[in-house]
Amino acid sequence: MKLELSVPFLGGFNNVSNMQSKVRAGALALTLLLASCSEEKSGSTKQETEPKAELSSAPGTTQKSSVPPLEVVVQRPSTSDQPKIVSRRLPPELSPKDPRIQSLLKRFANARGEDRERVVNEILLNDTVEGVAGALELSQGLPPSELKTIICQKLSGIETREKRDFLMGAIAYVDSDLQRALAHALGAQADAEFIGVLIDRYDNQPNEDVRASTLMVLREAVVPEATEMLTAIVNDPTNGVSEPLVRAASETLAKSATTPGVAALIRKLEASAGNDQQVLSDLVAGISSPAAHSGLLFSAKGNKESKSAVARVAALKALSNYPTMETLQVVRPLMADPDSQVQAAARDVVNKIERIIGR
């Protein structure tokens, strides 16, 4: 804004009153000019200090306020008491179709505390595929919590023989906590036929998630009914223990550790070399199942299966997990064995057991 300040000259000063009026008019104009300049400067400063507000506006729009929207500046309530949104990662064909189960899932979404556990119990009382599907769906994505632990414990003990197809279809899609629960349930009720299904599934599935979840189930099949098939996998001379399927079967035999299982591991150990031999030695050395005690005693002394020092030493290391007088009676004479490796291993075992039970 620009104002021109001018006082016309009238050719003399005879009219003093007129001149005084002109002076007052000029002073007023000067005051207005100064006020206008101050206003323009203030506006310019405000624009310079608020560039972000102008930049955040979309082209062609007017920024009404520099204050952020309410939802940004207002602190949200804690989500600890909010219902957890169910993560629907299960394929549609695996989701529950039963209207009653669907109704319970809606109740769960709006429930709190103990009410949620009641809904879980009600769902799992329905001992069907639909009930398990509902439990998986409501627990998908739940954070680690007491409720998640309760759900996993219940799922790990469900009956599986009538649900195997569904469970094997679902296990690759659920989170790791649920995978462990389902693998335990399936493995605890495995039989030779089911081991055959797992082998076929592993061999014929290109999906790595499916193959990995299949091996999880195989590692949990620590039941006598599965020993024969697992032994056949381990004894296959065409594959080493570096093959994931053979490694999983070997680990399962070491956990279940029946006498036939121990014999299979010792035979594989005798036929292996390098890293495979080391892996099998460690598996045998870690055996602690009561059912394996007699087999380990025979292997430590040396028999047709355990001829090498490597196999006998692995069996001796395992015997330190059996601190009994029977173990001492068998191992003490081996401190004079012709093989120095066997002697050293036997001394270690005797010392460890004597520290526990005395001489």
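Because the structure is predicted, anything quoted here is derived from the model rather than measured.

> In this structure, what is going on with the packing of aromatic side chains? I would like to understand it.
What characterises a pair of aromatic rings is the spacing of the ring centres plus the angle enclosed by the ring planes. Scanning all chains against the criterion turns up 0 aromatic pairs. The positively charged end of Arg 116 is found above the aromatic ring belonging to Phe 108, 4.4 Å away from the centroid. One Lys or Arg, Arg 164, reaches over the ring of Phe 194 and ends 4.4 Å from the middle of that ring.

> In this structure, what is going on with the confidence of the model for the protein? I would like to understand it.
Looking at the protein as a whole, the pLDDT averages 80, with 75% of positions reaching at least 70. Here helix H3 (residues 70-73) stands out as the element of the protein with the lowest mean pLDDT, 33, in contrast to helix H17 (residues 309-319), whose mean of 97 is the highest. For residues 1-23, every residue scores under 50 in pLDDT, and the model assigns this stretch 10 contacts once sequence neighbours within four places are set aside. Contacts from residues 32-88, a stretch scored under 50 in pLDDT, to residues over four places away or in other chains number 26 contacts.

> Where do I start with the pattern of salt bridges in this structure?
A side chain of one charge can pair with a side chain of the opposite charge if their charged atoms are brought near each other. Under the criterion given, the structure shown has 15 salt bridges. Here Arg 118 ties to Glu 114 by a salt bridge, and the two come within 3.5 Å at their closest N and O atoms. Remark: Glu 114 and Arg 118 occur in helix H5 (residues 113-125); sequence separation between them is 4 residues, near one turn of the helix. Its relative accessible area of 44% is what places Arg 118 among the partly exposed residues. The exposure class assigned to Glu 114 is exposed, which follows from its relative accessible area of 59%.

> Would you explain unusual backbone geometry in this entry?
If a residue is not glycine, its phi is most likely negative; likewise, a peptide bond is most likely trans. Backbone geometry at Ala 257 places phi at a positive 50°, although glycine is not the residue there. Of note, Ala 257 is situated in the loop between helix H13 (244-256) and helix H14 (259-270). What makes Ala 257 buried here is its relative accessible area of 0%.

> What's the story with the environment of Leu 296 in this structure? I'm lost.
Tracing the sequence through the fold places Leu 296 in helix H16 (residues 293-301). C-alpha of Leu 296 to C-alpha of Val 262: the two residues are 34 residues apart in sequence and 7.4 Å apart in space. When near neighbours in sequence (up to four residues on either side) are disregarded, Leu 296 contacts Val 262, Val 284, Ile 287, Ala 315, Ala 318, Leu 319 and Tyr 322.

> Explain a nonpolar patch on the surface to me, please; I cannot follow it from the model alone.
On the surface, Met 325, Ile 356 and Ile 357 cluster together to form a nonpolar patch covering roughly 270 Å² of accessible area. Tracing the backbone shows Met 325 in helix H18 (residues 325-331). For Met 325, a relative accessible area of 40% translates into the label partly exposed.

Definitions and limits used
Residues numbered from 1 in each chain as written. Predicted model: local features only at pLDDT ≥ 70, side-chain atom pairs only at ≥ 80, totals over all residues. Heavy atoms only, no water. Phe/Tyr/Trp six-rings, centres within 6.5 Å; stacked < 30°, edge-to-face > 60°. Lys NZ or Arg CZ within 6 Å of the ring centre and 35° of its normal. pLDDT = per-residue confidence, 0-100. Helix = DSSP H or I, 4+ residues; strand = E, 2+ residues; numbered from the N terminus. Contact = heavy atoms within 4.5 Å. Salt bridge = Lys/Arg side-chain N within 4 Å of Asp/Glu carboxyl O. Buried < 20%, exposed > 50% of the residue type's maximum accessible area, 1.4 Å probe, protein only. Patch = residues over 30% accessible without salt bridge, like charges linked within 9 Å, V, L, I, M, F, W, Y side chains within 5 Å. Areas by Shrake-Rupley, 256 points an atom, 1.4 Å probe, with all protein chains shown as cover.

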